[in-house]
Amino acid sequence: MSKAKLLVVEDDPNLGDILKEYLEMKGYEPTLCRDGEEGWNKFKKDKYDLCLLDIMMPKKDGFTLAKEIKKVQENLPILFLTAKNQKDDIIEGLKIGADDYLTKPFSMEELLLRITAILRRTQKSTEISALKTYTFGDFVLHYDEQFIDGPEGRHKLTSKENELIRLLASEINKLVNRSHALKQIWGDDSYFNARSMDVYLSKIRKILKDDPKVQIITIHGEGFKMIVGEG
């Protein structure tokens, strides 16, 4: 089995060296960069399984770098390393599509647990056996190819949008428990993952507005369901 390749972008030289040495010791193949520009150049030249990005960096900050990476490889997992435990930073990262974050100082054991969980989820989502297409209203979800066809054309989906729509489309007109959805797609039902899911649900609702027969309704305190009416 090949080693998972990690792009590590951290401007603190001491922490960067420690991260690289620790990840190598744990069987990963990390590439260490000292600023956002170097990180972007390395990303363009190689394939990675996961990115660890510091937020506050010279030349190009972590948010900017993450946006550029997502434009090229939308489903590449990103874990932010931040010195600030501020909700605004965390929410901004989740909106960009980050899979997780760690606030400095953090233990290497905790970092390893986060990396393992993200890579396991990524692998699971690619290996999971599922129907190839799901039809609801005027939409057809092509799960394997990660896009949805609707009345206004084709929409490319991120991995989490794809997983969420599949979960809802598997349970048409039935309640999908919020905690169950979070654990299945995000790995746990923490506050920050719940906020992340709300962002993705908002994006999905915008796509589904092309067909008035299809709605996602929220049942407060319980979860949500995809309602498909007659038409």
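Look above for the structure.
Student: What exactly am I supposed to notice about the pattern of salt bridges here?
Tutor: In a structure, side chains of opposite charge can pair up when their charged atoms sit close to one another. Counted by the stated rule, this structure contains 15 salt bridges. Ionic pairing is found between K104 and E10, a salt bridge with its closest N-O pair at 3.0 Å. Linking K104 in the loop between β5 (100-103) and α5 (108-127) with E10 in the loop between β1 (5-9) and α1 (13-25), this pair joins segments that are 94 residues apart in sequence. The class of K104 is partly exposed, set by a relative accessible area of 21%. The buried category is assigned to E10, whose relative accessible area is 0%. Salt-bridge contacts for E24 lead to K20; the nearest nitrogen and oxygen are separated by 2.8 Å. Placement of the pair is E24 and K20 together in helix α1, with a separation of four residues, close to one helical turn. Look at K20 and you get partly exposed, because its relative accessible area is 30%. Here the salt bridges share partners, and the residues they tie into one network are E10, D54 and K104.

Student: I keep staring at helix α2 (residues 36-45) and nothing clicks. Help me out?
Tutor: Within an α-helix, residues lying three or four positions from one another point in the same direction, as the helix has 3.6 residues per turn. The complete set of buried residues in α2 reads G36, G39, W40 and F43. Across the axial projection of α2, the buried residues extend over an arc of 100 degrees, all falling on one side. Tucked into the core, α2 has its buried residues touching β1, β2 (29-33) and α3 (62-72).

Student: Explain the nonpolar core to me, please; I cannot follow it from the model alone.
Tutor: As a rule of thumb, nonpolar side chains are buried together in soluble globular proteins. Counting 28 residues, the largest nonpolar core has F136, I148, L164, M197, L208 and F224 as the members making the most contacts within it. Within the residue set of this core, elements represented by two or more residues are β6 (133-136), β7 (139-142), α6 (159-169), α7 (178-185), α8 (191-208), β11 (214-219) and β12 (223-228). Counting residues per element, this core draws most heavily on α8, which supplies seven residues. The residues contacting F136, other than those within four sequence positions of it, are L141, I148, I165, A169, I172, L208, V214, M226 and V228. Core analysis: the next-biggest nonpolar cluster, separate from the first, contains 24 residues, C33, F63, L65 and F80 among them.

Student: Sorry, what's going on with the side chain of R121 here?
Tutor: Residue placement: R121 occurs in helix α5. Despite being buried, R121 has no salt bridge partner; D99 is the closest side chain of opposite charge, sitting 4.6 Å away. With residues near it in sequence (within four places) discarded, R121 still touches D99, I185, W186 and G187.

Student: Help me understand the state of the cysteines in this model?
Tutor: Enumeration according to the criterion identifies zero disulfides in this entry. Left without a disulfide partner, C33 is nearest to the cysteine sulfur of C51, which lies 9.5 Å away. Judged by its relative accessible area of 0%, C33 is buried.

Reading guide: rules and limits
- Residues numbered from 1 in each chain as written.
- Predicted model: local features only at pLDDT ≥ 70, side-chain atom pairs only at ≥ 80, totals over all residues.
- Heavy atoms only, no water.
- Salt bridge = Lys/Arg side-chain N within 4 Å of Asp/Glu carboxyl O.
- Helix = DSSP H or I, 4+ residues; strand = E, 2+ residues; numbered from the N terminus.
- Buried < 20%, exposed > 50% of the residue type's maximum accessible area, 1.4 Å probe, protein only.
- Arc of directions from axis to C-beta.
- Contact = heavy atoms within 4.5 Å.
- Core = buried A, V, L, I, M, F, W, Y, C linked by side-chain atoms within 4.5 Å.
- Lys, Arg positive; Asp, Glu negative; His and termini not counted.
- Disulfide = S-S within 2.5 Å.

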